[in-house]
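These are the residues of each chain, in order.
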Amino acid sequence: MSASQPPQPLSPSEPPEPPESRRVGGPGDGSPPGGDAPTLLVKIFGKDRPGITAGLFDTLAAYAVDVVDIEQVVTRGRIVLCALVTSPTAGGTTEGDLRATVHSWAESLKLQAEIISGIGDNRPRGDGRSHVTVLGHPLTAESTAAIAATITSTGGNIDRIFRLAKYPVTAVEFAVSGTGTERLRTALATGAAEIGVDVAVVSAGLSRRAQRLVVMDVDSTLIQDEVIELFAAHAGCEEQVARVTEQAMRGELDFEQSLHARVALLAGLDASVVDKVRTEVRLTPGARTLIRTLKRLGYQVGVVSGGFTQVTDDLKERLGLDFASANTLEVVDGKLTGRVVGEVVDRAGKARLLRSFAEQAGVPLAQTVAIGDGANDLDMLNTAGLGVAFNAKPMVREAAHTAVNVPFLDTVLYLLGITREEVEAADGLVD
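Cut-offs used in this document
Residues numbered from 1 in each chain as written. Predicted model: local features only at pLDDT ≥ 70, side-chain atom pairs only at ≥ 80, totals over all residues. Heavy atoms only, no water. Helix = DSSP H or I, 4+ residues; strand = E, 2+ residues; numbered from the N terminus. Buried < 20%, exposed > 50% of the residue type's maximum accessible area, 1.4 Å probe, protein only. Polar contact = N/O pair within 3.5 Å; in protein donor to acceptor, adjacent residues only side chain to side chain. Contact = heavy atoms within 4.5 Å. Arc of directions from axis to C-beta. Core = buried A, V, L, I, M, F, W, Y, C linked by side-chain atoms within 4.5 Å. Domains from an automatic or database assignment.

Chemist: Outline the side chain of Gln-310, listing residues and values.
Modeler: Take Gln-310: it is sitting in helix H11 (residues 309-319). For Gln-310, a relative accessible area of 13% gives the class buried. A polar contact is formed between the side chain of Gln-310 and the backbone oxygen of Leu-329, at a distance of 2.9 Å. Each residue touching Gln-310, except ones within four places of it in the same chain, is listed here: Val-274, Arg-278, Asn-327, Thr-328, Leu-329 and Val-331.

Chemist: Describe helix H1 (residues 52-61), listing the residues and the values that go with them.
Modeler: Listed in full, the buried residues belonging to H1 are Ile-52, Gly-55, Leu-56, Thr-59 and Leu-60. Angular distribution of buried residues about the axis of H1 spans 130 degrees; they occupy a single face of the element. In H1, the exposed positions angled more than 90 degrees off the buried face are occupied by Ala-54, Asp-58 and Ala-61. Packing partners of the buried residues in H1 comprise strand S1 (38-47), strand S3 (78-86) and helix H2 (95-108).

Chemist: Account for the nonpolar core, naming residues and giving values.
Modeler: Ranked by internal contacts, the top residues of the largest apolar core, which has 59 residues, are Met-216, Leu-222, Phe-231, Phe-308, Ile-371 and Leu-409. With five residues, helix H6 (residues 227-235) is the single largest residue contributor to this core. If you count residues domain by domain, this core takes at least three from each of domain 2 (128-203) and domain 3 (211-235 + 265-427). Apart from the residues within four sequence positions on either side, Ile-371 is in contact with Val-214, Val-215, Met-216, Asp-217, Thr-221, Leu-290, Met-380, Leu-381, Val-388, Phe-390, Leu-409 and Val-412.

Structure (structure tokens):
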């Protein structure tokens, strides 16, 4: 994108609908201070230091103004403080007196001040509220421009932007109004991967903070490994297992058929290998942080797996999970028989278990989060209130609500609006 070209949206979109005109409320209709009366926008910017906010409002207090709105941000030690206040009402004082006093106070602190006259409060936000979370590694100016242009192309307005995290990825959140969540999600998801960012779009509201159940896949999601391959390595049949897996990926076998075919190759393996496999399992970077933070925030966490309970039960105990379900390898006389017992956990089974966990947890499905990487997870991802494709195949990324394509599982926290500072504060708590 050259400097002479305006930012282009990620995908074509219909022209934005013109916003409806709305009257700003005035006295007597239950509106906050400001109404249709004259107001002043006081902007202060400069080098940050303790006491600036208190000093500004102490200065304004002499003019008996009401505070209508406040916004403040500090970036790299520079403060931008905005205060929307009513015009002065103290006896004998004028707007000119207030301006002179504020400018004098700002100059004494080597700050800059700007005061803009107007009427009433901020313009009401349009219908439709969404949170757009963008993850970049790194987050470039070009990708940010494309995201912003796409939001505008859908008729949305960016009301606020703030940073959620600066590592292990840069995560920022846009508060957007004036367009529907689904429309916004469709527009942003189309080209996000092409510009090197992950984008999640969720509806604003209390339900976002109320998502109290997170269920994730195990193989290549919670852990870096495929458990069946770890067992196959001990049985000396890695190549045969890989061939069956390839057949399943080509659609020549469904999951249940491929599971039985691969497990059959483990027949005769000593059951003591289970302990060895457990020690070989490698958690995905960020997995412990994700689970620990969710638990400290009151979430319930579970796993569902097409792998085996011999591993997932151990993970449940080690990580303090609330729920765990997987297939079970049959063991007779200390040997694996090459069979699984009980109902197979397949694609449909994962979605069924998500519903079961949600019912046990007392959490509506709309307030659940599912995380997975493979086609076997698609039903679960689409059943959950928020489905996250984690380093997934293209078909899974396209079908899920959102995708994360960085190797850090704890970045899912940012999609829930949890900041890095909150994660670190939670780490400082004593369990």
